[in-house]
Amino acid sequence: MEQLNTQIKINDIRLQNNNLKFKSCGYLDIKYFGNEINNKNEIDLTVEITKEIESLNLDLNLNFTYVSECSRCLDRNNKDDSASFNKNLSTNSENDYDIDINNEIIDVLSIVSEAIISKMEFTNICKKDCKGLCSLCGKNQNKYVCSHDEKNIKESPFSSLSELDL
Ligand SMILES: [Zn+2]
Ligand SMILES: [Zn+2]
């Protein structure tokens, strides 16, 4: 999969047309706490740009998948989400995204990343009663139930010998 193209040529809209539609799909490398987008997660981006008096209005729509890791059992699950965003960028003043709409090409990468990250959670739990990992052996307790208990491990490795009838 190709990297998501976020560069939009806005020359036409500035010179003649009143609006422009841009579509692109691909991936971005985004890591945010236990969430990740990599080259297996497709992002669909649509941007509609409308020329207004001394500004451009950007209407962004995103559909994307990402992987999120459970904070307790570290299981990785795919999630689908979507985001939409409306931004009005002025020709005369600066904006938070460092986008200069007087240029021929604008890059909406910072808007796209912000929209995606705003959908991600700081902590992810795969299910309400996730049992997490065994603190002794690290096995996922949703899948296995460990039979050893803490005492057995803390005892000396020779303790089992005392139980043998020699
Ligand atoms: Zn879990
Ligand atoms: Zn265990």
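First, a word on what this report is: a plain description of the structure on this page. (Residues numbered from 1 in each chain as written. Chains lettered and ligands numbered in written order. Predicted model: local features only at pLDDT ≥ 70, side-chain atom pairs only at ≥ 80, totals over all residues. Heavy atoms only, no water.)

**Some points on the coordination of the zinc ion (ligand 2)**
Short version of the rule: Donor selection uses N, O and S atoms within 2.8 Å of the metal (3.2 Å for Na, K and Ca). Since no water is included, sites may look incomplete. Just to be clear on the cut-offs, tetrahedral is four donors with all angles between 85 and 135 degrees, square planar is four donors and octahedral six with opposite donors over 155 degrees apart and all others between 65 and 115, and anything else goes down as irregular. A 1.4 Å probe rolled over the protein chains alone gives each residue an accessible area, and that area as a share of the maximum for its type sets the label: buried under 20%, exposed over 50%, partly exposed in between.
Listed as protein donors to the zinc ion (ligand 2) are C134 (SG), C137 (SG), C146 (SG) and H148 (NE2); their distances from the metal cover 2.2 to 2.3 Å. For the zinc ion (ligand 2), the 4 donor atoms in the first shell make angles of 101 to 117 degrees at the metal, a pattern classed as tetrahedral. Along the chain, the residues donating to the zinc ion (ligand 2) are arranged with the sequence spacing C-x2-C-x8-C-x1-H. Classification of H148 as partly exposed rests on a relative accessible area of 27%.

**Some remarks on the pattern of salt bridges**
Quick note on the threshold: Take a side-chain nitrogen of Lys or Arg and a carboxyl oxygen of Asp or Glu: if they are within 4 Å of each other, that pair is a salt bridge. Helix and strand definitions follow DSSP, with helices as H or I runs of at least four residues and strands as E runs of at least two, each counted in order from the N terminus.
Going through the model one piece at a time under the given rule, you end up with 3 salt bridges. Between R76 and E36 there is a salt bridge, and its shortest N-O distance comes to 3.3 Å. Placement of R76 in strand β7 (residues 76-90) and of E36 in strand β4 (residues 35-37) is noted, with a sequence separation of 40 residues between them. D75 is paired through a salt bridge with K143; the nearest N and O atoms lie 3.4 Å apart. In this pair, D75 is assigned in the loop between β6 (55-69) and β7 and K143 in the loop between α2 (109-117) and α3 (150-154), connecting sequence segments 68 residues apart. If you follow the salt bridges from partner to partner, you end up with E36, E69 and R76 in one network.

**A short note on the coordination of the zinc ion (ligand 1)**
Protein ligation of the zinc ion (ligand 1) involves C70 (SG), C73 (SG), C126 (SG) and C130 (SG), the donor distances falling in the range 2.3 to 2.4 Å. For the zinc ion (ligand 1), the 4 donor atoms in the first shell make angles of 106 to 112 degrees at the metal, so the coordination geometry reads as tetrahedral. Mapping the donors of the zinc ion (ligand 1) onto the primary sequence yields the spacing C-x2-C-x52-C-x3-C. Here C126 lies in the loop between α2 and α3 and C73 lies in the loop between β6 and β7, a separation of 53 residues in the sequence.

Shape is all these values report; function is a separate question.
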